[in-house]
Amino acid sequence: HAYHLGCNLYDTAIVPEYGDAEIKLGKFAAYIGRERIIISDKARFFDGNGIYQAVQTSCEYLGTYADIYFVHQADPDHEEEIFKKGGALDGLCQLKEEGCIRFVGLASHYYDILLRGAKDFRVDVLQASGNLLERGMLERIGREPAFEKKGIFINKVYAAGLLPRFFSAETLIQAVLSYPVSSALIGIGTAWQADAAFCRGASP
């Protein structure tokens, strides 16, 4: 339903974290035509070997390549492991060269790690968090020129489903898209939620 409303970006994660989401998304992509959607995937492996194997497994479940693959939940405890020679970013770059993925991604809740990624030539897309009430990260990204050269995805737009109780989906999504970001990642689980996200007259 979301696809018919115009949704062309689908964000998932490796099977142990998101159940069988990769498998279902792969079947959906094959059904509608793989070239019609963008698939964003991710895994919480910080060394090069771990992320390399994770992507290979993800592609098997998807039955196709991932357009963007993120090192998921990069944190200060694993920062050096991710960025060092032979780390996760190097592993993703190798997979990019092999055609398993098209773009290298880095996802984090830490601004300093995202800024480091913004300045790293290996990183194509960054994933951060923010919403109508938690705009600190969005404002810092908007002020920093290094982010202008990267794709920027923002998650937690609905604050884990809490904010739609108080604000419309349109208000929440537009609040994020008013910043210089590429896409707002939101959870859609029902036809009504898809209608609301695409402002198609869904009522509360």
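See the structure above.
These numbers were taken from a predicted model, which means no experiment stands behind them. (Residues numbered from 1 in each chain as written. Predicted model: local features only at pLDDT ≥ 70, side-chain atom pairs only at ≥ 80, totals over all residues. Heavy atoms only, no water.)

Visitor: Now, about the packing of helix 3 (residues 21-32) against helix 4 (residues 48-62): what can you tell me, with residues and values included?
Guide: Running from N to C, helix 3 and helix 4 point in directions that differ by 50 degrees, and their axes come no closer than 7 Å. Viewed along their axes, helix 3 and helix 4 adopt a mutual orientation that is oblique. In this structure, helix 3 uses Glu22, Ile23, Leu25 and Gly26 to contact helix 4, whose residues at the interface are Ser58, Tyr61 and Leu62. In terms of residue class, the contact of helix 3 with helix 4 is made up of four nonpolar, two polar and one charged. (Axes fitted to C-alpha atoms, helices over the stretch in contact; angles between N-to-C directions. Helix = DSSP H or I, 4+ residues; strand = E, 2+ residues; numbered from the N terminus. Parallel < 35°, antiparallel > 145°, perpendicular 65-115°, else oblique. Contact = heavy atoms within 4.5 Å. Nonpolar A, V, L, I, M, F, W, Y, C, P; charged D, E, K, R; others polar.)

Visitor: A description of the sheet that holds strand 7 (residues 183-184) should follow, citing residues and the corresponding values.
Guide: Taken in spatial order, the seven strands make up an open sheet running 1-2-3-4-5-6-7, and their pairing is parallel. The strands lining the two open edges of the sheet, one partner per strand, are strand 1 (9-11) and strand 7. Strand direction decides the pairing type here: strand 6 (residues 151-155) and strand 7, joined by two bridges, are parallel. Bridging across to strand 7, Ile154 finds its partner in Ala184. Those strands touched by helix 6 (residues 88-98) are strand 3 (66-74) and strand 4 (101-108), and its axis lies near 160 degrees from that of strand 4. (Pairing = 2+ DSSP bridges.)

Visitor: Before we move on, could you go through the pattern of salt bridges and cite the residues and values that matter?
Guide: Any two side chains of opposite charge can pair if their charged atoms end up close together. Scanning all chains against the criterion turns up nine salt bridges. For Asp124, the salt bridge is made with Lys96, and the minimal N-O distance between the two is 3.0 Å. Here the residue Asp124 occupies a position in the loop between helix 7 (111-118) and strand 5 (125-129), and Lys96 occupies one in helix 6, the gap between them amounting to 28 residues. Lys96 sits in the partly exposed class, given a relative accessible area of 33%. (Salt bridge = Lys/Arg side-chain N within 4 Å of Asp/Glu carboxyl O. Buried < 20%, exposed > 50% of the residue type's maximum accessible area, 1.4 Å probe, protein only.)

Visitor: I'd like a rundown of the environment of Ile51, residues and numbers included.
Guide: Structurally, Ile51 is set in helix 4. Residues Ile51 and Gly91, spaced 40 residues apart in sequence, show a C-alpha to C-alpha distance of 6.3 Å. What Ile51 contacts, discounting residues up to four positions off in sequence, is Ala43, Phe45, Tyr69, Phe70, Ala88, Gly91, Leu92 and Leu95.

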